[in-house]
Amino acid sequence: MQSEDVVRRQVKVTPEDGLHLRPITLLVRCATTFSSSISLFFDGHRADAKSAFDLMLMAVPSGAILNMEVAGADAEAAADAICRLFEDGFSVPGTDHR
Amino acid sequence: MKVFSGIAVSPGMVSGPALVLGSENFRIPRKFVSKDAIDAELQRFHVALDLVCKDIKGNEQLVSSQLGAQYGAIFSAHLQMAQDPRLIREVESLIRDQCRSPEFAVSRVLRSYAEQLQKMGDRYLSERALDIFDLEKRLLRKLLGESREELSNLTEPVIILAHDLTPGETATLNTKYVLGFATEVGGHTSHTAILAGALEIPAIVGLGRCLAEISGGESVILDGDHGRVIIDPDDETLARVQHSQARSQRVRDRLGEMGSLPSETQDGQRVTICGNIEFPEEVRQCIKRGADGVGLYRTEFLFLSGNREPSESDHYEAYCRVVEACGDLPVVIRTLDIGADKVPQLMADQFAESANPMLGLRSIRLSLRNTQMFKRQLRAILRASVHGNVRIMFPLVATLLEFRQAKMILMDVMEDLEDEGIPFQRNVPIGMMVEVPSAVILAEEFAREVDFFSIGTNDLIQYTLACDRSDPTVAHLYRSGDPSILRLIQMVLRAAEKHGKPVTVCGQMSSDPRFIPLLLGMGLRSLSATPQAIPRLKEVVRNLSITEAERISQHACSLDLARDVEHYLQGELSRLCPDLVDEVGF
């Protein structure tokens with residue numbers, strides 16, 4: 001366990017409608033390409049970034065700041081990729097093909 | 001003999017034995033399993049889940065390869081849900097820790113998600129509940145072994161009568177044995193209807209409750225042209241249908257060769273016949289049938305298929321595919337015509353509960369309220385315009401102000417593109433759909449400002465006769481042959497002629513051969529119809545002279561009942577093109 005990297009970041013939800021279906025789909029697609037576990041925290045709840053149901057049920061509005069915790073061998077890369085997704089407002093073509 | 005009427009969504013007439021699929025209400029046989037069986041039950045859950053994932057992937061691949069990636073996308077979100085780790089964890093825990101049966105656990109967990117989503121008061125997410133129920137159904141079906149094996153183990157031709165068919169079931173129908181299908185529920189724009197049309201299987205949806213009266217095995221006639229299902233037809237009807245089936249096969253073969261022949265009347269008048277399409281893949285079907293271009297490219301599917309709003313490049317790529325496939329032939333791109341019966345999940349939150357959605361926020365009204373979205377689409381259309389012969393059309397325009405506003409936004413977008421040095425066709429023709437009676441009444445005024453009109457008869461009939469054709473209790477009022485409709489079309493043609501603007505008729509009226517002599521006689525010279533109908537329309541045009549068409553239209557316009565008009569036109573068509581008229585006079 002100690003050998004695992006743990007990376008903590010903050011991300012901001014910019015899409016106008018909050019964390020809705022489209023961003024969730026892209027987020028899950030991106031997260032599942034990494035072996036690390038990726039958690040997002042909001043309003044006292046934790047969501048697994050690889051679970052669409054978790055994310056949907058967390059109901060994150062636009063403008064919310066989420067704490068992210070990534071743990072695993074590829075934590076750094078995973079955190080970078082997820083941050084990029086949030087920073088680009090889930091709009092850059094190509095992010096969904098990764 | 002019993003006759004049921006529904007909404008015709010895919011043309012063709014077939015007869016065969018009925019295969020009835022009832023509505024699926026799964027009864028969960030037991031809620032608990034014994035402690036010793038837990039491992040086996042967990043195993044059973046995972047087997048079912050794997051099968052479901054395989055099915056969904058299979059649906060996606062099959063549909064993508066046969067019909068194009070856009071249809072396949074319907075299924076990719078389903079797969080993500082089926083593989084969701086939270087779902088798997090919670091179901092496993094119910095089985096392992098509470099000795100629940102997999103059936104019970106699956107149902108309990110998925111239903112709790114659906115309920116929570118529905119309670120959030122976010123219409124956008126609550127629509128997702130429907131997909132969750134779909135997943136529940138798939139899993140239960142595997143677990144209970146109640147797969148609709150009837151569908152995969154067919155050995156003889158059948159006509160399927162079902163409460164509902166999911167898009168997945170429709171996509172995997174064995175077209176060798178499934179002659180056609182009809183469902184109790186569903187509308188024009190359901191994915192099931194769209195897939196049926198693309199697969200070219202005759203289909204009817206929205207029959208209303210009727211399965212209780214059918215036990216299966218009865219002889220059935222399914223008339224996908226008129227939306228009628230006849231159960232146990234009498235011998236005479238059956239004989240006529242079988243005769244007409246054999247004949248229509250011969251006619252189909254002959255019409256298949258119609259593609260290369262010019263669409264020209266006996267007295268040498270050229271008539272433009274274009275195709276209506278929804279997906280880029282359908283251009284092929286238009287070209288194959290000798291269409292003069294795409295007269296109506298519906299762009300809604302871009303919005304309805306995915307879980308996300310299409311980006312400018314999504315729009316652009318789709319438009320380029322169509323425009324490039326058409327070469328020099330014109331492509332009329334209609335901007336977003338959404339709302340009312342087809343609300344995409346991603347915009348559901350913009351649609352307030354409305355008792356009257358057909359009169360609410362839809363089409364151009366929605367675009368004018370969402371200028372960002374509208375501009376994105378217009379930019380993509382303009383960018384695609386350099387690759388061919390593009391025209392832009394605004395739907396459901398009801399007032400001059402709306403048309404001017406839409407045009408102004410288009411000009412803004414042009415300026416932006418110019419500033420950015422992005423090439424586009426500056427003089428792209430800008431037209432409008434005529435679908436609201438107010439637009440007909442002011443046709444003269446509109447004619448001064450538009451480059452072309454396209455009469456959308458479906459909505460025009462609905463709004464003129466104030467009737468919703470998907471409501472079986474009033475659908476009889478919805479008739480293309482209503483004298484009021486003929487009069488409105490005449491008004492548009494006259495106004496357009498005065499100002500030298502071209503007019504096309506799209507919508508179901510122009511796909512119906514009976515109305516071709518009438519429309520040409522009124523002065524129409526351009527039609528746009530579903531690709532499948534093009535050869536038949538060409539045949540009518542080629543058997544007709546303008547003088548004759550004028551005589552027919554004069555007489556038709558003197559009649560004062562829709563049924564008399566349609567009866568008369570039917571008679572004229574059977575005289576002109578006896579082959580095209582089905583002998584089954586319902």
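Reading guide: rules and limits
Residues numbered from 1 in each chain as written. Chains lettered and ligands numbered in written order. Predicted model: local features only at pLDDT ≥ 70, side-chain atom pairs only at ≥ 80, totals over all residues. Heavy atoms only, no water. Helix = DSSP H or I, 4+ residues; strand = E, 2+ residues; numbered from the N terminus. Polar contact = N/O pair within 3.5 Å; in protein donor to acceptor, adjacent residues only side chain to side chain. Contact = heavy atoms within 4.5 Å. Salt bridge = Lys/Arg side-chain N within 4 Å of Asp/Glu carboxyl O. Buried < 20%, exposed > 50% of the residue type's maximum accessible area, 1.4 Å probe, protein only. Domains from an automatic or database assignment. Pairing = 2+ DSSP bridges.

We now examine the side chain of Asp292(B). Residues and elements named next belong to chain B. Relative to the elements of secondary structure, Asp292 occurs in the loop between helix H11 (282-288) and strand E10 (294-298). One polar contact links Asp292 to Arg270, side chain to side chain, over a distance of 2.8 Å. Of note is the side chain of Asp292, whose polar atom sits 2.7 Å from the backbone nitrogen of Ile273. Not counting residues within four places of it along the chain, the set of residues in contact with Asp292 comprises Arg270, Val271, Thr272, Ile273, Cys274, Leu329 and Pro330.

On to the pattern of salt bridges. Residue and element names in this part refer to chain B. Applying the stated criterion to the full structure yields 29 salt bridges over all chains. Ionic pairing is found between Arg404 and Glu449, a salt bridge with its closest N-O pair at 2.6 Å. Residue Arg404 is found in helix H16 (residues 400-419), and its partner Glu449 is found in helix H18 (residues 443-449); the two are separated by 45 residues along the sequence. The exposure class of Arg404 is partly exposed, given its relative accessible area of 41%. Classification of Glu449 as partly exposed rests on a relative accessible area of 22%. Where Lys498 meets Glu444, a salt bridge forms, and the shortest distance between an N and an O atom there is 3.2 Å.

Moving on: the domain arrangement of chain B. When cut into domains, chain B gives domain 1 (2-24 + 148-250), domain 2 (35-144), domain 3 (272-397 + 416-424) and domain 4 (429-578). Averaged C-alpha coordinates put domain 2 of chain B and domain 4 of chain B at centres separated by 47 Å.

Here we take up the environment of Leu378(B). Residues and elements named next belong to chain B. Note on placement: Leu378 falls in helix H15 (residues 371-384). The sequence separation of Leu378 and Ile333 amounts to 45 residues, and the corresponding C-alpha distance is 9.9 Å. If near-sequence neighbours (up to four positions away) are discounted, Leu378 is found in contact with Thr335, Ile392, Phe394, Ile409, Leu410 and Val413.

Quick look at the pairing of strand E4 (residues 65-72) of chain A now. All names here are of chain A. Taken together, the eight bridges between strand E1 (residues 5-12) and E4 define a ladder with antiparallel strand orientation. By the bridge assignment, Lys12 is partnered in E4 with Ile65. In terms of strand pairing, strand E2 (residues 37-42) meets E4 through five bridges, oriented antiparallel. For Ser39, the partnering residue across the bridge sits in E4 and is Glu69.

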